[in-house]
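So the chains spell out like this:
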Amino acid sequence: MITLFIFLAILALLVLFLVNVFNRFATLRNLVKDAWSNIDVALKRRYDLIPNLVETVKGYAKHEKSTLEAVINARNAAMAVPSGDINAQIKAENQLQQSLRSIFALGEAYPDLKANANYLDLQQKLNEIEENLERARRYYNGSVRENNTYGESVPGVLVASLFKYQHFDYFVADEASRTNVKVDFS
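Bringing the nonpolar core into the picture now. If you look at the biggest cluster of nonpolar residues, it comprises 36 residues, and the most contacted ones within it are Trp36, Ile39, Leu53, Leu96, Leu100, Ile103 and Tyr140. Within the residue set of this core, elements represented by two or more residues are helix H1 (2-60), helix H2 (65-80), helix H3 (86-109) and helix H5 (117-152). Top element by residues in this core is H1. It accounts for twelve residues. Not counting residues up to four positions away in its chain, the partners in contact with Leu100 are Arg46, Ile50, Val71, Leu126 and Glu130. Ranked by size, the runner-up nonpolar core spans seven residues in total, among them Val21, Phe25, Leu28 and Val159.

As structure tokens, then:
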């Protein structure tokens, strides 16, 4: 009889331990998804603003068609990524970020464009969105760090496969976005 009580007590402790680990995994996964949704909202605002920015630049930089097309293509590619594929979205966003840097470089090359009120307003709005994205990316990366650390350390690693632990990638800048944009009109 005592053996049965000891067995049931151990079983109850094991169940409580597993419930606690499961709840921690669920909390961390939801933190990452919440963090990603903050990024997603800012990205939607950015996607909506880009066509206006491109149209404003078109009037001043007609022979820069390839730069403008690259921005639109990068935007469309980023929008086409399925909403649940966070890792693919990160890659697409890095490409879009690089193409946006080139359109701002056009503003430096065309003084009339740089003085245009619509362009300045759009650039300011896009800068605000980029700042919001930067904060959201920091929060996302912190949530990812916490999730990944728990899933790769004890006790999480002991039962990670049992609870279908999901590892998330960090939102990092790719090599292309770390280089300066070169504009050459020769």
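Here the narrative resumes.
Now for unusual backbone geometry. Look at the link from Val154 to Pro155: it is a cis peptide, with omega at 15°. Summarising the element assignment, Pro155 is placed in the loop between H5 and helix H6 (156-159). Even without a glycine there, the phi angle at Lys164 is positive, about 55°. Residue placement: Lys164 occurs in the segment after H6. For Lys164, a relative accessible area of 71% gives the class exposed.

What follows covers the pattern of salt bridges. Applying the stated criterion to the full structure yields six salt bridges. For Glu130, the salt bridge goes to Arg46, with nearest N and O atoms at 2.8 Å. Here Arg46 lies in helix H1 and Glu130 lies in helix H5, a separation of 84 residues in the sequence. Overall, the relative accessible area of 0% leaves Arg46 in the buried class. Note that Glu134 and Arg138 form a salt bridge whose closest N and O atoms lie 2.7 Å from each other.

This part covers the packing of H2 against H3. One can describe the packing of H2 onto H3 by two numbers: an axis separation of 9 Å at closest approach and a directional angle of 155°. Looking at the two axes, H2 sits roughly antiparallel to H3. Handedness of the H2/H3 crossing: left-handed. Across the interface between the two elements, Thr67, Leu68, Ala70, Val71, Ala74, Arg75, Ala77 and Ala78 of H2 pack against Gln89, Ala92, Glu93, Gln95, Leu96, Ser99, Leu100, Ser102, Ile103 and Leu106 of H3.

So, about the confidence of the model for the protein. Considering every residue of the protein, the mean pLDDT works out to 81; 88% of them sit at 70 or more. Within the protein, the lowest mean pLDDT, 69, falls on helix H4 (residues 111-115), and the highest, 88, falls on H1. Across residues 180-186, confidence stays below pLDDT 50; counting only partners more than four residues off in sequence or on other chains, it has twelve contacts.

Criteria and cut-off values
- Residues numbered from 1 in each chain as written.
- Predicted model: local features only at pLDDT ≥ 70, side-chain atom pairs only at ≥ 80, totals over all residues.
- Heavy atoms only, no water.
- Core = buried A, V, L, I, M, F, W, Y, C linked by side-chain atoms within 4.5 Å.
- Buried < 20%, exposed > 50% of the residue type's maximum accessible area, 1.4 Å probe, protein only.
- Helix = DSSP H or I, 4+ residues; strand = E, 2+ residues; numbered from the N terminus.
- Contact = heavy atoms within 4.5 Å.
- Salt bridge = Lys/Arg side-chain N within 4 Å of Asp/Glu carboxyl O.
- Axes fitted to C-alpha atoms, helices over the stretch in contact; angles between N-to-C directions.
- Parallel < 35°, antiparallel > 145°, perpendicular 65-115°, else oblique.
- Left-handed = near helix turned anticlockwise from the far one by under 90°.
- pLDDT = per-residue confidence, 0-100.

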